[in-house]
Every structure is written in structure tokens, then in C-alpha cells.
Amino acid sequence: MPRLETARRPNTSPRRAAGRDLQTTLSSCVALEGVGVHSGKPARIVLHPAEANAGVAVLRSDLAAEPVAPALWSRVVSTELCTSLGLGGRAAVATVEHAMAALAGLGVDNALIEVDGPEVPVLDGSSAPFVAAIDEAELATLTAERRHIEVLKTVRVERGAAFAELGPGAEGLTLDVEISFDHAAIGRQRKALRLDPATFRRELARARTFGFIGDIERLWRAGFALGASLENSIAISDAGVLNPEGLRFSDEFVRHKMLDAVGDLALAGAPIRGAFRSRCGGHALNHAVLQALFADASAWRLSPALAPMRGEMRPDIAAPIAFGVQPALAPDRS
Ligand SMILES: [Zn+2]
């Protein structure tokens, strides 16, 4: 286990939680094992508690230096097929979005994600195993007040007919996501909901990633998606869904796109209070809309307005971002 300040069991005070919106973390550590969907190699992560205001951070325990970085939009190094975070130098961690979605969906403000390789395990292709792990670890309420990123005006990014948008909202985060695939198994699907732990568990957490068998075979030949299987993805052929168990929801595809958006938007660094909309989006547009938000200091504020949470949330000192641009309508293994 890494010797980190954030790995210590935090001081918690559930007694003071009544009536206040307080930050949370995990009560204990919990591990998950599986394979990386792209590497096909065994992968293990451990979710650790973290102190108030630490946010979520990612650590590579397999590298001698144990590089660690905050899980923030400014650390995104690739949005191709999945969302990858750079930890400094050449170290990165891929496929963070389903774990991030589970943490954000259940309202976990502070945690350390320890990974023993370059990729978070894909598990069943959804956030459900991470939700089960967080439930096993249990939440702890901290004494620090939760802060939100309040969206003050609409920012929008477009690529062709695809777009992602963040605008002011009444309370919390609402999502309105639409996808359109020229395939009878998917077609046009749209879903809207207000995010809270109950809606995340019920509506989104179990929705799995998906891909078209032709794309998967092409990715295999290129050395990607080596861990992809019917155990961790919905595979679609011309004949329809190949998984013998079928779908978990009739509109599982748009639900998974929304789950991905929850995970990608969690890289804002704090819960967003606003309205997210996207059409034919994916990781690249989800990231681009956060870039657009933080590029405009008049488009957002921390609420309640206290000292900045972490330096990297401030766009003026954020590291330059270089991420692979993918066509927004390309087959997205999300
Ligand atoms: Zn996904």
C-alpha cells in the first residue's frame, strides 16, 4: 500500500452531518481485480479513503516512483476509446471513467484510486462492481462542507451534428443525453435524469459498455480491446446483440453513455450544479465541454465560495492539454 497522507483513515464525525452538506470518503479500503479491456492483462485497483478537500486522485503502485495525480480534466491525456489520465512523465492510467462515475454517482468526494498497471480493470463493463465495492467499504462523512461547481452560463462544444453543453441548473446535476446509431439494435435513444445516488444506482450503474463486432475485430488486429469479451461488453453484429443474456435495459446504450458522462464530468474536481446535454457525444466532447467551462471564468463559480479547492482547478495555471481527437460519431467503445 502506498505511504500517502491520503491513505490514512480520515477523522470522521457523522454526528455533525445532520442538516449540512458535508464531504464524504470511504470508511475503509476495498480492492477489485479483473482485466484491462485494452491490454487484456490482469489489473487490480484499491480504493482508499482520503482526507477532506483531497478530491479523487489516481496512483500507479506498479511504478517505482508511485506517481500520483488528481483525477482532473486538466490531467486528461487521451479520450480515444476511453478516458486516460496522465500522472506525469509517461505514466498514465486508462479507462478511469466507470470508477469515477461510481464515486461521483454515490457522492464520494474524496478517495485515492490505486492501480497496479496502466489501466483500471473493466470488470463487467459497467459501474456496478465499483458500486458494490464502495458499498462494501461504506461511506464516511467528513467535517468539511461540500463545494459545488455552479454553472453560471451555457457553454457548448460541437463536432458536426454532435454536441455537449453545460448550462445553469436548478440544483445538483441533470443530464439529458441522446444517441443515434444507424443500427437497428440501437437506433435513436434519449434519456434524461437528475443525478443522485438513488438514480445512479437504479438507472445508470448497471449499463454496460458496447461495441460493434466489426470494430472490435479491427481493434483486436491493431492490438486494442484485447480484454474485450461478452463478459465485459455488449457486442453488436448485423444480426443484433450477441450476448446470450441480452440487454440489462432496453435502452442500455444511452444509459451507458450517460454513465460515461457522469464519470467524465467528475473530472471537474467537484460535483457540478448545472444541466448537461449531449447528442452523439462521447469522452472527447465530455472533456471538451469541461475545457470550455473552465476556459471562461465567468461561466462558473465554486459554491459556497471559499478558497480554491486545488490549484489545478484554476484554468489559468492548468497544465496544457494534449489529447487525441476522435471523430465524435466514430464507433465509441466508451
Ligand atoms: Zn464507458
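Residues numbered from 1 in each chain as written. Predicted model: local features only at pLDDT ≥ 70, side-chain atom pairs only at ≥ 80, totals over all residues.

(A) Here's a closer look at the sheet that holds strand β7 (residues 84–86). With respect to topology, three strands assemble into an open sheet ordered β6-β7-β8, the strand pairing being antiparallel. Because the sheet does not close on itself, it has two edges, and the strands there are β6 (76–78) and β8 (92–93). As paired elements, β7 and β8 share two bridges and run antiparallel to each other. For L85, the partnering residue across the bridge sits in β8 and is V93. (Pairing = 2+ DSSP bridges. Helix = DSSP H or I, 4+ residues; strand = E, 2+ residues; numbered from the N terminus.)

(B) Examining the sheet that holds strand β4 (residues 56–60) more closely. With mixed pairing, five strands are arranged side by side in an open sheet as β2-β3-β9-β4-β5. Both edges of this open sheet fall to β2 (30–35) and β5 (68–70), since each of them pairs with a single strand only. Going across the sheet, the axis of each strand differs from the next one's by a mean of 20°, ignoring polarity. Judged from the five bridges that link them, β4 and strand β9 (residues 111–115) form a sheet pairing that is parallel. The residue of β9 that forms the bridge with R60 is V115. Sitting on the sheet, helix α2 (residues 128–137) is in contact with β2 and β3 (42–49), with an inclination near 160° to β2. (Axes fitted to C-alpha atoms, helices over the stretch in contact; angles between N-to-C directions. Contact = placed C-beta atoms within 7 Å.)

(C) Region of the structure containing the pairing of β9. Within β9, five of the five residues are buried, leaving the element largely enclosed by the surrounding structure. Here β9 shows two buried faces, one formed by A111, I113 and V115 and the other by L112 and E114. (Buried ≥ 20, exposed ≤ 12 C-beta atoms within 10 Å, placed from the backbone.)

(D) View of unusual backbone geometry. Put simply, S303 and P304 share a cis peptide bond, and its omega is -5°. Positionally, P304 belongs in the segment after β20 (300–303). Unusually for a residue other than glycine, L123 sits at a positive phi of about 55°. In this fold, L123 is placed in the loop between β9 and α2. Given 24 C-beta atoms within a 10 Å radius, L123 is considered buried.

(E) Geometry of the packing of helix α1 (residues 97–105) against helix α5 (residues 252–265). Orientation of α1 relative to α5, taken along the N-to-C sense of each, is 80°, at an axis distance of 7 Å. Accordingly, the angle class assigned to the pair α1 and α5 is roughly perpendicular. Contacts between α1 and α5 involve E97, H98, M100, A101, A104 and G105 from the first element and L259, D260, V262, G263 and D264 from the second. When grouped by side-chain class, the residues that make up the contact of α1 with α5 number five nonpolar, three polar and three charged. (Parallel < 35°, antiparallel > 145°, perpendicular 65-115°, else oblique. Nonpolar A, V, L, I, M, F, W, Y, C, P; charged D, E, K, R; others polar.)

(F) Main features of the environment of A104. Locating A104 in the fold gives a position in helix α1. Here A104 falls in the buried class, since 27 other C-beta atoms lie within 10 Å of it. Once the C-alpha coordinates of A104 and A270 are considered, the two residues, 166 residues apart in sequence, prove to be 8.8 Å apart.

(G) Expanded view of the confidence of the model for the protein chain. Here the protein chain shows a mean pLDDT of 88. Residues at 70 or above account for 85%. Confidence over residues 1–17 falls short of pLDDT 50; this stretch has 31 contacts with residues more than four positions distant or in other chains. Of the regions scoring below 50 in pLDDT, residues 311–334 engages in 54 contacts with residues more than four places distant in sequence or in other chains. (pLDDT = per-residue confidence, 0-100.)

(H) The arrangement of the nonpolar core in detail. Grouped together as the largest cluster of nonpolar side chains are 98 residues, with contacts concentrated most on V58, M100, L103, I134, V262 and L267. Apart from the residues within four sequence positions on either side, V262 is in contact with A101, A104, G105, L195, F200 and L204. (Core = buried A, V, L, I, M, F, W, Y, C linked by C-beta atoms within 7 Å.)

(I) Region of interest: the packing of α5 against helix α6 (residues 283–295). Relative orientation of the contacting elements α5 and α6 amounts to 35°, with a least axis distance of 9 Å. The two elements α5 and α6 meet at a crossing, and its hand is right-handed. From α5, D260, A261, D264 and L265 reach across to α6, where they touch H283, N286, H287 and L290. Taken together, the residues of the contact of α5 with α6 sort by class into three nonpolar, three polar and two charged. (Left-handed = near helix turned anticlockwise from the far one by under 90°.)

(J) Expanded view of the environment of H287. Its location among the elements puts H287 in helix α6. Residue H287 is classed as buried on the basis of its 22 C-beta neighbours within 10 Å. Taking the C-alpha atoms as reference, H287 lies 8.0 Å from V76; in sequence the two are 211 residues apart.

(K) Looking closely at the environment of S126. You can see S126 is positioned in the loop between β9 and α2. Overall, the presence of 26 C-beta atoms within 10 Å leaves S126 in the buried class. Residues S126 and A205 lie 79 residues apart in sequence; the distance between their C-alpha atoms is 6.3 Å.

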